[in-house]
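Geometric and topological summary
The residues making up each chain are set out below.
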Amino acid sequence: MTVPAQRSRRAPNRTGTALRVLLAVAVLVPAGVLFHSAWRSNDERLTVTERERHGVEYLRSLGHVTLALVDAQSGAVAGRAAAAAALRGAVEQTSAIDVRYGAELRTSERWAGLHAKIEALPDRPPADPQEAWTVYTETTDLLLALYAKVRESSGLIRDPESDTYHLQDAAGEELPEALIAAGRLADRAVLAAGRSGADRLRTASDLALARADVLSPADDLVENLRAAVENTTSRTLGGNLLSRLDGYQRAVEELSTLTRDTAAPDPIQVGAARASAQLAGSGLTTIILAELDTLLRDRVDGLTGERRIVVGALVLAVLLVLALAALPVLAARSARNGGAPAEADEPTVDGLRPTTGTESGPPPPGPPLAESALPVGAVLAAGLPPLPERRPRGTDPTGDPGRRPPLADWQDPVPAGQAAQSTAADSQAPWGRPDAR
């Protein structure tokens, strides 16, 4: 009898492997597509928001140029020396900002033209105040065009949020127009004082148009700021803006009232009202741009948090796929280490597992093996202990093994003295196989 060799390990389940690969692809491909789409959308919004913040910084620098240019115009029309130092400092600051963001916002060409126009302004006031007014008006028109270019190129004019849109419209359009118009109104009043009575009708018409140029953007400014306060989530926007807005409205109303007297408006009072309106507008511009930048910065933080969530979702999907792929491997390794029966890889003899001295418990049910079932040579070759010799219970005279010989008629199967003992012993005998006794 031969002993079969050790069982070889089962070949890997190719169908299961293919299913796991398909499952991994089915999970990773949609996850990758969603990740790419979400990442691209997030990156675009983040880029747009950062560009808007750059536009806000550019608008802040242009605000200093606006104030310095309006002061220089009022001085030139009144015959005073222009505040060259303040204007030069504002120009240098804006030039530095344009170096940083001019290529991104496509403002370098317009700023170069405005810069050249400012440099060409006369250091001394011209002899004719009307000529000074005309030269500075052309310069401030270029400045307003640069404001519009910054808003358009930075994307502020297309901002989807209501509060940020109204704030950028107030700081980038309404306030610059109102401040420049207030300076022109004050200059008109100065020019009207030098005209003769024959030009009274012309003077009244010019002042009326100048007042309309001041009041119209001021009214639009109030509407924009109210809409921003009503549609914002900021807790500081309303309180910071309303007090400044009230002060600016009072200054504009005072300036408008002083210029209604077309006969002889006092240039000194008009100049003081213009300075008051300019100061209130400057403070309001600072608050608006600060609140606008805060809202944009909060948006950047929110987009950065969304980006982390997107990355975390992708990592989680990858880990899930790896876990699904590793579970069958870990289960197989656990089965080999202790979960599977130990006799699976042991050699057998005619399909019977050899017994060891460490096994315990009752033997498996079934009829006992006869001596001829397992030859001695095979037992010795397999290293198994020899089975104990069994004697037959008896042999029938006819040759039928396993049967007792018949009793004579005079013989009693059980002696009378042992009947009780035999009955008690039979009642305590175990049931089952004959050799279990």
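Throughout this document, residue positions are counted from 1 along each chain, in the order its sequence is written. Two thresholds apply to this predicted model, a pLDDT of at least 70 for residue-level local features and 80 or more for giving and counting side-chain atom pairs, whereas whole-chain, interface and lining totals are computed over all residues. As a rule here, side-chain values cover all heavy atoms of the structure and leave hydrogens and water aside.

In helix packing, the relevant descriptors are the interaxial angle and the interaxial distance, both defined with respect to the helix axes. Where helix α3 (residues 108–119) meets helix α4 (residues 129–154), the axes come as close as 10 Å, and the angle between the chain directions of the two elements is 160°. Considering their axes alone, α3 and α4 lie roughly antiparallel with respect to each other. When you trace α3 past α4, the crossing you get is left-handed. Counted together, Arg110, Trp111, Leu114, Lys117 and Ile118 of α3 and Glu138, Thr139, Leu142, Leu143, Ala145, Leu146 and Lys149 of α4 form the full contact between these two elements. Classification convention: Asp, Glu, Lys, Arg as charged; Ala, Val, Leu, Ile, Met, Phe, Trp, Tyr, Cys, Pro as nonpolar; all other residues, Gly among them, as polar. In the contact of α3 with α4, the residues fall into 7 nonpolar, 1 polar and 4 charged. Orientation is described by axes fitted as lines to C-alpha atoms, over the contacting stretch for helices, and by angles from 0 to 180 degrees between their N-to-C directions. A run of H or I in DSSP becomes a helix once it reaches four residues, and a run of E becomes a strand once it reaches two; helices and strands are each numbered from the N terminus. Working rule for angles: under 35 degrees goes down as roughly parallel, over 145 as roughly antiparallel, 65 to 115 as roughly perpendicular, anything else as oblique. A clockwise turn of the near helix away from the far one marks a right-handed crossing, whereas an anticlockwise turn of less than a right angle marks a left-handed crossing. Two residues form a contact once any of their heavy atoms are found within 4.5 Å.

What follows is about a negative patch on the surface. A surface patch of like charges, here negative, comprises Glu177, Asp213, Asp219, Asp220 and Glu223. Given the relative accessible area of 36%, Asp220 is considered partly exposed. Only residues whose relative accessible area exceeds 30% and that take part in no salt bridge are eligible for patches, with like-charged residues grouped when within 9 Å of each other and nonpolar side chains (Val, Leu, Ile, Met, Phe, Trp, Tyr) grouped when within 5 Å. For the accessible areas, the method is Shrake-Rupley and the probe is 1.4 Å, while residue cover comes only from the protein chains on display. Throughout this description, the term salt bridge denotes a Lys or Arg side-chain nitrogen within 4 Å of a carboxyl oxygen of Asp or Glu. None of His or the chain ends enter the tally, which takes Lys and Arg as positive and Asp and Glu as negative. The atoms used to mark charge sites are NZ of Lys, CZ of Arg, CG of Asp and CD of Glu. Burial here depends on accessible area, computed with a 1.4 Å probe over protein chains only, as a share of the maximum for the residue type. Under 20% is buried, over 50% is exposed, and the range in between is partly exposed.

Before going further, it helps to examine helix α2 (residues 84–105). Of all the bends in α2, the greatest, near 50°, is centred on Val99. Count one or two residues on from α2 and you reach Arg106, which has phi positive near 55°. Note on bend: at a given residue it equals the angle between the axes fitted to the 7 residues ending there and to the 7 starting there.

A separate point is the nonpolar core. As used in this record, nonpolar core signifies buried Ala, Val, Leu, Ile, Met, Phe, Trp, Tyr and Cys residues forming a set joined through side-chain atoms within 4.5 Å. Judged by nonpolar contacts, the single largest core of 66 residues is most densely connected at Leu167, Leu225, Tyr248, Leu284 and Ile288. Looking at this core, the elements with two or more residues in it are α1 (14–78), α2, α3, α4, α5 (162–193), α6 (200–230), α7 (237–258) and α8 (267–339). Non-local contacts of Leu167, meaning those with residues more than four positions away in its chain, are made with Leu225, Ala228, Leu237, Leu241, Ile288, Glu291, Leu292 and Leu295.

The subject of this paragraph is unusual backbone geometry. Even without being a glycine, Arg106 presents a positive backbone phi close to 55°. Tracing the sequence through the fold places Arg106 in the loop between α2 and α3.

The next thing to look at is α3. Since the α-helix turns once every 3.6 residues, residues separated by three or four places project in the same direction. Taking 1.5 Å of rise per residue, the 12 residues of α3 would be expected to cover 16 Å, and the 16 Å separating its terminal C-alpha atoms lies within 8% of that figure. Three or more residues of α3 are buried, namely Trp111, Leu114 and Ile118. With its buried residues spanning 65° around the axis, α3 presents them on a single face. Exposed positions of α3 whose direction lies more than 90 degrees from the buried face are Glu109 and Glu119. For a helix, the expected span equals 1.5 Å multiplied by the residue count minus one. Think of it as the arc spanned by the lines of direction from the helix axis to the C-beta atoms.

Position of His54 relative to the elements: it lies in helix α1. Not counting residues within four places of it along the chain, the set of residues in contact with His54 comprises Tyr101, Glu104 and Leu105.

Classification of ring pairs rests on two measures: the distance between centres of Phe, Tyr or Trp rings, Trp counted by its six-membered ring, which must be within 6.5 Å, and the angle between planes, read as stacked under 30 degrees, edge-to-face over 60 and tilted in between. Under the counting rule described, the total for this entry stands at 1 aromatic pair. Relative to Trp39, the ring of Phe35 lies with its centre 5.7 Å away and its plane at 35°, an arrangement referred to as tilted. With Phe35 and Trp39 both in helix α1 and 4 residues apart, the pair spans about one turn of that helix. Using a relative accessible area of 23% as the deciding quantity, one classes Phe35 as partly exposed. For Trp39, a relative accessible area of 31% translates into the label partly exposed. Distance and angle both matter: a charge sits over a ring if NZ of Lys or CZ of Arg is within 6 Å of the ring centre and within 35 degrees of the ring normal. It is Arg188 that lies over the ring of Trp133; its NZ or CZ is 4.1 Å from the centre. Above the ring of Trp39, the side-chain terminus of Arg307 is found at 4.1 Å from the ring centroid.

For the rest of this paragraph, the subject is a nonpolar patch on the surface. Among the surface-exposed residues, Leu28, Trp39, Val311, Val315, Val318, Leu319 and Leu322 lie close enough to one another that they form a single nonpolar patch of about 560 Å² accessible area. Every element with two or more residues in the nonpolar patch is listed here: α1 and α8. By secondary structure assignment, the location of Val311 is in helix α8.

Taken residue by residue, the protein chain gives an average pLDDT of 77. The fraction at 70 or more is 70%. Looking at the elements of the protein chain, mean pLDDT is at its lowest for helix α10 (residues 419–428), recorded as 48, and at its highest for α3, recorded as 94. One number per residue, pLDDT, summarises how confident the predictor is, and it ranges from 0 to 100. Between residues 1–11, whose pLDDT stays under 50, and residues either more than four places distant or in other chains, the model counts 13 contacts.

Counted according to the given criterion, the structure contains 15 salt bridges. Arg151 serves as the salt-bridge partner of Glu173, at 3.6 Å between the closest nitrogen and oxygen. Of the two residues, Glu173 is situated in helix α5 and Arg151 in helix α4; the sequence distance between them amounts to 22 residues. The residue Asp159 makes a salt bridge to Arg299 at a minimum N-O spacing of 2.9 Å. Taken as a pair, Asp159 in the loop between α4 and α5 and Arg299 in helix α8 lie far apart in primary sequence, 140 residues in all. One salt-bridge network, in which partners are shared between bridges, spans Arg53, Asp293 and Arg297.

This part takes up the environment of Ala68. Among the structural elements, Ala68 can be located in helix α1. Ala68 sits in the buried class, given a relative accessible area of 8%. In the structure, Ala68 is positioned 20 residues away from Arg88 in sequence and 8.7 Å away in space, judged by C-alpha atoms. Those residues within four positions of Ala68 in sequence are excluded, and the remaining contacts are Ala86, Leu87 and Ala90.

Running from amino to carboxyl end, α4 crosses α5 at an angle of 175°, the nearest separation of the two axes being 10 Å. The pairing of α4 with α5 is recorded here as roughly antiparallel in orientation. Here Pro129, Gln130, Trp133, Thr137, Thr140, Asp141, Leu143, Leu144, Tyr147 and Arg151 of α4 lie close against α5, whose contacting residues are Gln168, Asp169, Ala171, Gly172, Glu173, Pro176, Glu177, Ile180, Arg184, Asp187, Arg188 and Leu191. Here the residues of the contact of α4 with α5 sort into 9 nonpolar, 5 polar and 8 charged.

Another point: the environment of Ala116. Mapped onto the fold, Ala116 is located in helix α3. Distance from Ala116 to Thr139, taken between C-alpha atoms, is 9.8 Å for residues 23 residues apart in sequence.

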